[in-house]
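Descriptive analysis of the structure
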Amino acid sequence: MRHPTTDAPPIRALKIVELLFQRVLDGFSNKEIADALGCSPSTICRDLAMLESTGWVRRLETNRWAITEKPAALMQAVSYTHLTLP
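So, here is what we can say about the structure in this document. (Residues numbered from 1 in each chain as written. Predicted model: local features only at pLDDT ≥ 70, side-chain atom pairs only at ≥ 80, totals over all residues. Heavy atoms only, no water.)

**Observations concerning the environment of Arg 58**
The condition is simple: Runs of H or I in DSSP of at least four residues are treated as helices and runs of E of at least two as strands, each being numbered from the N terminus. N or O atoms within 3.5 Å of each other form a polar contact, as long as, within protein, one can give a hydrogen and the other can take it, and as long as residues adjacent in sequence are counted only when both atoms are side-chain atoms.
Within the secondary structure layout, Arg 58 lies in strand S1 (residues 57–59). Spatially, the C-alpha atom of Arg 58 lies 9.3 Å from that of Gly 27, the residues being 31 residues apart in sequence. Within the structure, the side chain of Arg 58 is placed 3.3 Å from the backbone oxygen of Ile 67, a separation counted as a polar contact.

Set out below in structure tokens:
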């Protein structure tokens, strides 16, 4: 049964990003992500394509998916901004 709030694409995308932080170096397969989130592999494939196009995830040479450096770079920018504010 689908839940309209937790099954929405933006929520799934955030869940995928959170999941990928658990295996930064070796990533997850599409099926592993789908199983972990209780979604179909085709749904996860669409979500990963969107996350890849925006620079949040990348496909490894092993065909597994991993988080990119983007979240860390954004956090560094936020930290730097807070340190330099008067």
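Following the structure, the description resumes.
**Things to note about helix H3 (residues 41–53)**
How we decide: To estimate how far a helix should reach, multiply one less than its number of residues by 1.5 Å. For the exposure calls, accessible area comes from a 1.4 Å probe over protein chains only, and a residue counts as buried if that area is under 20% of its type's maximum, exposed if over 50%, partly exposed in between. Read the arc as the range of directions from the helix axis to the C-beta atoms.
With 13 residues, H3 extends 18 Å between its outermost C-alpha atoms, agreeing within 8% with the 18 Å of an ideal straight helix rising 1.5 Å per residue. Where H3 is concerned, the buried positions are Thr 43, Ile 44, Asp 47, Leu 48 and Leu 51. For H3, the angular spread of buried residues about the axis comes to 130 degrees, placing them on one side. Opposite its buried face, H3 presents the exposed residues Arg 46 and Ser 53, each directed more than 90 degrees away.

**Comments concerning unusual backbone geometry**
Residues apart from glycine generally show negative phi values, whereas peptide bonds are mostly found in trans. The phi angle at Asn 63 is positive, at roughly 70 degrees, despite the residue not being glycine. Within the element layout of this structure, Asn 63 appears in the loop between S1 and strand S2 (65–67).

**Section: the packing of helix H1 (residues 9–20) against H3**
The following threshold applies: Comment: axis = line fitted to C-alpha atoms, over the contacting stretch for helices; angle = value between 0 and 180 degrees taken between N-to-C directions. Should an angle lie under 35 degrees it is considered roughly parallel, over 145 roughly antiparallel, and from 65 to 115 roughly perpendicular; all remaining angles are considered oblique. The contact rule is simple, with two residues in contact once any of their heavy atoms fall within 4.5 Å. We call Asp, Glu, Lys and Arg charged. Ala, Val, Leu, Ile, Met, Phe, Trp, Tyr, Cys and Pro are nonpolar, and the rest, Gly among them, are polar.
Two elements in contact, H1 and H3, have axes whose closest approach is 10 Å; the angle formed by their N-to-C orientations is 80 degrees. Judged by the inter-axis angle, H1 sits roughly perpendicular to H3. Judged by residue contacts, Arg 12, Ala 13, Ile 16 and Val 17 of H1 engage Thr 43, Ile 44, Asp 47, Leu 48, Met 50 and Leu 51 from H3. Its residues placed into classes, the contact of H1 with H3 shows 7 nonpolar, 1 polar and 2 charged.

**Some details on the nonpolar core**
Applied cut-off: In plain words, nonpolar cores are sets of buried Ala, Val, Leu, Ile, Met, Phe, Trp, Tyr and Cys residues tied together by side-chain atoms within 4.5 Å.
Residues Ile 16, Leu 20, Ile 33, Ile 44 and Leu 48 are the most contacted members of the largest nonpolar core, which totals 15 residues. When residues in this core are grouped by element, the largest group, 5 residues, is from H1.

**What about the pattern of salt bridges?**
Note the threshold: One side-chain nitrogen of Lys or Arg within 4 Å of one carboxyl oxygen of Asp or Glu is enough to make a salt bridge.
All chains considered together, the criterion is met by 5 salt bridges. What you see here is one network of salt bridges that share partners, running through Arg 23, Glu 32 and Arg 64.

**Digging into the packing of helix H2 (residues 30–37) against H3**
Put simply, H2 and H3 touch, their axes get as near as 9 Å, and they point 110 degrees apart. As the angle between them shows, H2 and H3 are arranged roughly perpendicular. Between H2 and H3, the contacting residues are Asn 30, Ile 33, Ala 34 and Leu 37 on the first element and Pro 41, Ile 44, Cys 45 and Leu 48 on the second. Residue composition of the contact of H2 with H3, by class: 7 nonpolar, 1 polar and no charged.

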